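Examination of the molecular architecture
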Amino acid sequence: MNKTILITGAASGFGKIAAFDLARKGHKVIATAQVYPQMSDLIREAKEQGVDLTVDKLDVTNPRDIAYILKKYDIDILISNAGIMEGGPIAEQPIDLIRSMFDVNVFGGLELAQGFVKKFIDQKRPGKIVFTTSMGGLWTVPYVAAYCASKHAMEAIAEGLKTELAAFNIKIATCNPGVFGTGFNDRGVDSIFRWYNPETNFTPSSAFDGAAESLAHQLDPQSMAECIVNVALDDNSNFRNVHPKETEDFVKQLQAEAWTAKS
């Protein structure tokens, strides 16, 4: 049965790949982008590839955008994928940058989810929400701790929604990517050096020496997008979906070790 699926953050990365894949499978897909130039690019690409895709503007931090989208569309599945990363040592990271991450990654995603949940319930229909969180929602990666904190928050929100909405036949799932080459991680690292100054910050520049090496071995995002698609379409999916399996095993090991770690 074909579904109507709205995806946020569909201008690039997992969201874009998933949007095109779902549309090719015959589903009605509303691919949303933060700004109008991204919309134009998506419309052009869909036309070039012969993909039937509805494209709309949705900045999840803009209340007018959210109100417009909620009024315009009735959906079966929301894939809440929009997110940003601001990197840096959390002991020195500017608070306004941390706040901007929470505005997008937490409050924007939650406000949109709340709106669609209310529509599902008012219309007495089942629904599903899939949140793209991160492996960083389950452990804390040094020098992107604030980003991880925002994803930890979404993990808690998703768990709360799962329990609270079960009686309404609204399903909740999370997809937790490992390190994939969408450009997202690269931009997160680049963001550090827009404010960090080794002459005034106490964190030594050597703290970031391993960043280039870690970014050199990122995975193909296609498999993660396929994971998101499969979770969205599976009526009996797991709640938590860490991908790839090696990352799942690594996170489980770190979570076990956290119980014996010293302060």
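Quick look at the structure, then. Since we're looking at a predicted model, the values are computed, not measured. (Residues numbered from 1 in each chain as written. Predicted model: local features only at pLDDT ≥ 70, side-chain atom pairs only at ≥ 80, totals over all residues. Heavy atoms only, no water.)

1. A closer look at the overall build of the protein
Each helix and strand in the protein was counted, giving 9 helices and 7 strands. Expected size for 263 residues packed as a compact globule is a radius of gyration near 18 Å; at 19 Å, the protein falls within 12% of this value. Projected onto its principal axes, the C-alpha coordinates of the protein cover approximately 55 × 40 × 35 Å. A burial count over the protein gives 49% of its 263 residues as buried. Taking the contacts inside the protein whose residues are at least 6 apart along the sequence as the reference set, 71% of them involve residues at least 24 apart. Summing over all exposed atoms, the protein offers an accessible surface of approximately 13400 Å²; the carbon and sulfur share of this is 53%. (Helix = DSSP H or I, 4+ residues; strand = E, 2+ residues; numbered from the N terminus. Rg over C-alpha atoms; globule rule 2.2 N^0.38 Å. Buried < 20%, exposed > 50% of the residue type's maximum accessible area, 1.4 Å probe, protein only. Contact = heavy atoms within 4.5 Å. Areas by Shrake-Rupley, 256 points an atom, 1.4 Å probe, with all protein chains shown as cover.)

2. Some words on the sheet that holds strand 4 (residues 77-80)
As summarised here, the arrangement of the 7 strands in space is 3-2-1-4-5-6-7, forming an open sheet in which the pairing is parallel. The open sheet has two edge strands with one neighbour each: strand 3 (54-57) and strand 7 (240-243). When strand polarity is set aside, the average angle formed by the axes of neighbouring strands in this sheet is 20°. Pairing of strand 5 (residues 127-132) with strand 6 (residues 170-177) involves 6 bridges; the strand directions are parallel. Within strand 6, the position partnered with Val 130 by the bridge is Ala 173. (Pairing = 2+ DSSP bridges. Axes fitted to C-alpha atoms, helices over the stretch in contact; angles between N-to-C directions.)

3. With respect to empty space enclosed by the protein
Following the criterion strictly, the structure yields 1 cavity of 30 Å³ or more and no others. Volume-wise, the largest cavity comes out at about 50 Å³. For the largest cavity, the full set of lining residues is Ser 80, Ala 82, Val 104, Asn 105, Gly 109, Phe 131, Thr 132, Lys 151 and Met 154. The set of elements that each furnish at least two residues to the lining of the largest cavity consists of helix 4 (95-122), strand 5 and helix 5 (145-165). If one sorts the elements of the lining of the largest cavity by residue count, helix 4 sits on top with 3 residues. Looking at the lining of the largest cavity, its residues break down into 4 nonpolar, 4 polar and 1 charged. (1 Å grid on protein atoms, 1.4 Å probe; cavity = no way out; pocket = protein on both sides within 12 Å on 5 of 7 lines; lining within 4 Å. Points joined across faces, edges and corners; volume = space filled by probe spheres on them. Nonpolar A, V, L, I, M, F, W, Y, C, P; charged D, E, K, R; others polar.)

4. Some remarks on the pairing of strand 4
Residues of strand 4 alternate between two faces, with Ile 77 and Ile 79 on one and Leu 78 and Ser 80 on the opposite face, all of them buried. Here strand 1 (residues 4-7) runs beside strand 4; their pairing, made up of 3 bridges, is parallel. Counterpart to Ile 5 in the pairing with strand 4 is Ile 77. Here strand 4 pairs with strand 5 via 4 bridges, running parallel. Among the inter-strand pairings, Ile 77 is bridged to a residue of strand 5, identified as Lys 128. Regarding the hand of the β-α-β motif, the stretch spanning strand 4, helix 4 and strand 5 is right-handed. (Right-handed = clockwise from strand over helix to strand, strands pointing away.)

5. Focus: the layout of surface pockets
Of the voids in this model, the second largest pocket is the one considered here, and its volume is about 200 Å³. Lys 3, Asp 76, Ile 77, Arg 125, Pro 126, Gly 127, Lys 128, Asn 169, Lys 171, Ala 232 and Asp 235 together form the lining of the second largest pocket.

6. Considering the packing of helix 1 (residues 13-24) against helix 8 (residues 221-233)
Contact geometry for helix 1 and helix 8: axes closest at 9 Å, N-to-C directions at 55°. In terms of axis orientation, helix 1 runs oblique to helix 8. Once helix 1 is placed against helix 8, the crossing between them reads as right-handed. Here Phe 14, Ile 17, Ala 18, Asp 21 and Leu 22 of helix 1 lie close against helix 8, whose contacting residues are Pro 221, Gln 222, Met 224, Ala 225, Ile 228, Val 229 and Leu 233. Split into classes, the residues belonging to the contact of helix 1 with helix 8 amount to 10 nonpolar, 1 polar and 1 charged. (Parallel < 35°, antiparallel > 145°, perpendicular 65-115°, else oblique. Left-handed = near helix turned anticlockwise from the far one by under 90°.)

7. Overview of the side chain of Asn 105
The topology assignment puts Asn 105 in helix 4. On the basis of relative accessible area, Asn 105 is assigned to the buried category, the value being 4%. Only 2.9 Å separates the side chain of Asn 105 from the backbone nitrogen of Ile 84, close enough to count as a polar contact. The contact partners of Asn 105, leaving out residues within four places of it in the chain, are Ala 82, Gly 83, Ile 84, Tyr 147, Ser 150, Lys 151 and Met 154. (Polar contact = N/O pair within 3.5 Å; in protein donor to acceptor, adjacent residues only side chain to side chain.)

8. Some thoughts on the packing of aromatic side chains
Taken as a whole, this structure holds 8 aromatic pairs when the rule is applied. Measuring from centroid to centroid gives 5.5 Å for Phe 193 and Phe 208, while their planes differ by 85°, and the two rings are edge-to-face. Here Phe 193, found in the loop between helix 6 (184-192) and helix 7 (211-215), pairs with Phe 208, found in the loop between helix 6 and helix 7; they are 15 residues apart in sequence, far enough to count as distant. Relative to Phe 208, the ring of Tyr 196 lies with its centre 5.0 Å away and its plane at 85°, an arrangement referred to as edge-to-face. Highlighted residues: Tyr 196 in the loop between helix 6 and helix 7 and Phe 208 in the loop between helix 6 and helix 7, separated in sequence by 12 residues. Look at Phe 208 and you get buried, because its relative accessible area is 11%. A cation over an aromatic ring shows up here: Lys 57 above the ring of Tyr 36, its NZ or CZ 5.6 Å from the ring centre. (Phe/Tyr/Trp six-rings, centres within 6.5 Å; stacked < 30°, edge-to-face > 60°. Lys NZ or Arg CZ within 6 Å of the ring centre and 35° of its normal.)

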